[in-house]
Amino acid sequence: MSHNLLAGKKGVIFGALDENSIAWKVAERCVAEGAQITLTNAPVAMRMGVIQKLGEQLNAPVIPADATSEEDLQNLFQESMEHLGGKLDFVLHSIGMSLNVRKKRDYTNLKYDWMLKTFDISAISFHKVMQTLWKMDAMNENGSILALTYMAAQRTFPDYSEMAESKALLESFARSFGFHFGEKNGVRVNTISQSPTMTTAGSGVKGFGDFFTYADKMSPLGNASADSCADYCVTMFSDFTRMVTMQNLYHDGGFSSMGMNPKVFEMVDENK
Ligand SMILES: NC(=O)c1ccc[n+]([C@@H]2O[C@H](COP(=O)([O-])OP(=O)(O)OC[C@H]3O[C@@H](n4cnc5c(N)ncnc54)[C@H](O)[C@@H]3O)[C@@H](O)[C@H]2O)c1
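Residues numbered from 1 in each chain as written. Predicted model: local features only at pLDDT ≥ 70, side-chain atom pairs only at ≥ 80, totals over all residues.

Chemist: Can you break down the overall build of the protein residue by residue, with the values?
Modeler: When helices and strands are tallied, the protein shows 11 helices and 6 strands. Compactness check: the protein gives a C-alpha radius of gyration of 18 Å against a globular reference of 19 Å for 272 residues, within 12% of the reference. In terms of its C-alpha atoms, the protein occupies a principal-axis envelope of roughly 60 × 45 × 40 Å. The burial tally for the protein puts 45% of its 272 residues in the buried class. (Helix = DSSP H or I, 4+ residues; strand = E, 2+ residues; numbered from the N terminus. Rg over C-alpha atoms; globule rule 2.2 N^0.38 Å. Buried ≥ 20, exposed ≤ 12 C-beta atoms within 10 Å, placed from the backbone.)

Chemist: Could you give an account of the sheet that holds strand E5 (residues 188–194), naming the residues involved and the relevant values?
Modeler: Spatial strand order, E2-E1-E3-E4-E5-E6: 6 strands in an open sheet with parallel pairing. The outermost strands of the open sheet, each flanked by one partner alone, are strand E2 (36–40) and strand E6 (248–251). Each strand axis lies, on average, 20 degrees off the axis of its neighbour in the sheet, ignoring direction. Sheet topology note: the strand E4 (residues 139–149)/E5 ladder contains 6 bridges and is parallel. Bridge pairing in E5 places Leu-146 opposite Asn-190. The strands touched by helix H4 (residues 70–84) are strand E1 (10–14), E2 and strand E3 (88–93); relative to E2, the strand with the most contacts, the crossing angle is about 155 degrees. In this fold helix H7 (residues 163–185) packs onto E4, E5 and E6, with an angle of close to 155 degrees to the strand it touches most, E5. (Pairing = 2+ DSSP bridges. Axes fitted to C-alpha atoms, helices over the stretch in contact; angles between N-to-C directions. Contact = placed C-beta atoms within 7 Å.)

Chemist: Kindly report on the site of the ligand, identifying the contributing residues and their values.
Modeler: Taken together, 27 residues sit near the ligand, with Ser-21, Gly-96, Thr-199, Ala-201 and Gly-202 positioned nearest. Taken together, the residues of the shell around the ligand break down into 14 nonpolar, 12 polar and 1 charged. (Near = placed C-beta within 6 Å. Nonpolar A, V, L, I, M, F, W, Y, C, P; charged D, E, K, R; others polar.)

Chemist: Account for the packing of helix H9 (residues 208–218) against helix H11 (residues 262–270), naming residues and giving values.
Modeler: Close contact between H9 and H11 brings their axes to 7 Å; oriented N to C, the two are set at 140 degrees. Comparing their axes, H11 and H9 come out oblique. Of the two possible hands of crossing, H9 and H11 adopt the one that is right-handed. Here Tyr-214, Lys-217 and Met-218 of H9 come into contact with H11, specifically with Lys-263, Val-264 and Met-267. Residue classes in the contact of H9 with H11 are distributed as 4 nonpolar, no polar and 2 charged. (Parallel < 35°, antiparallel > 145°, perpendicular 65-115°, else oblique. Left-handed = near helix turned anticlockwise from the far one by under 90°.)

This is the structure in C-alpha cells:
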C-alpha cells in the first residue's frame, strides 16, 4: 500500500545487483511512494546483474558508476539531475565488498592491499559520494542521505572480518559529514544497521546460513527483511524524519539490545 510519502522527491539508489539486493527493494518502495529515481551500480555489476530489468520496471535510467571513482560519481550526479530535472532529495549508499572475505583469508592473515581496496569500496566511497554531492551542490534543502551498515562495527562477529572496520569507518563518515551537511542546508546523514539478509553480499560471509538462523532466534521480532528495510529507508527519506541526523539506526528486530534468548538454547539442544 502506498502513502505517497515521497511524492515529488528525486533520488539516486546505489547497489541494486539482483532481486535479493536490499537496494532493489528500496528502489521499488521509493517509486511506489511517488519518488523519481535513477539507479546505479559498478560497470562490472551491470554486466553480471539484472539491474536493467529493474530500470525498465521503474522507468528509471541506469547510470554506471564505480563508487570509488570521483569522475564516475560526478557524471552520475550530473546525469541524474539532468534526467530528474533538478537537485536530489535523497541518496542511498548500499555498497559492500571485501576482497579478503571473498578470497577466504583468515582475519589473522589479511592482505593489506586488499584491505585498502575493501575500505575504498565499502566505506571511503560513502565519503566520495557525499563530497561529490557537496562540491556539485547537488542536494536539495532538507534532503536525506543513507548508508547501510552492520552491527559488526560495534561488536565482534569473527567471520565478518575486515568488513567490521569498513562499517565502523562508514558510520563515522555519516556522523562527520552529517555535521557539515546539516549546517549547510539541513541535509541529514544516517546509517541503518540492518539484520543479516540473504543477498549476494550477505551470503558471501562464512557460516552465514547458521548465523542468519541464530540472529532470527535471538531477536524478539525476528530478523528484519529486505522489504522492511526498504520501508524504513522510505521513512528516512520522507519529511517525517527531518530532525534525525548523524545516527546509526538499528533495524534488526531487537537483536542489538538482546543478551540471551532462551530460543537460542532450544536451537542448541535440538542440534545436540
Ligand atoms: N546482507 C546482509 O546481511 C547485510 C546486513 C547489513 C548490512 N548490509 C549492507 O547492505 C548493503 C547492500 O548489500 P546487500 O546485502 O544488498 O548485497 P548486494 O550484493 O546485493 O549489494 C552490494 C552491492 O555493492 C555493489 N558494489 C560493489 N562494488 C562496487 C563499486 N566499486 N561501485 C559501486 N557499487 C559496488 C555491488 O555491485 C552490489 O550491487 C551493503 O552495504 C551491505 O554491507 C547487508
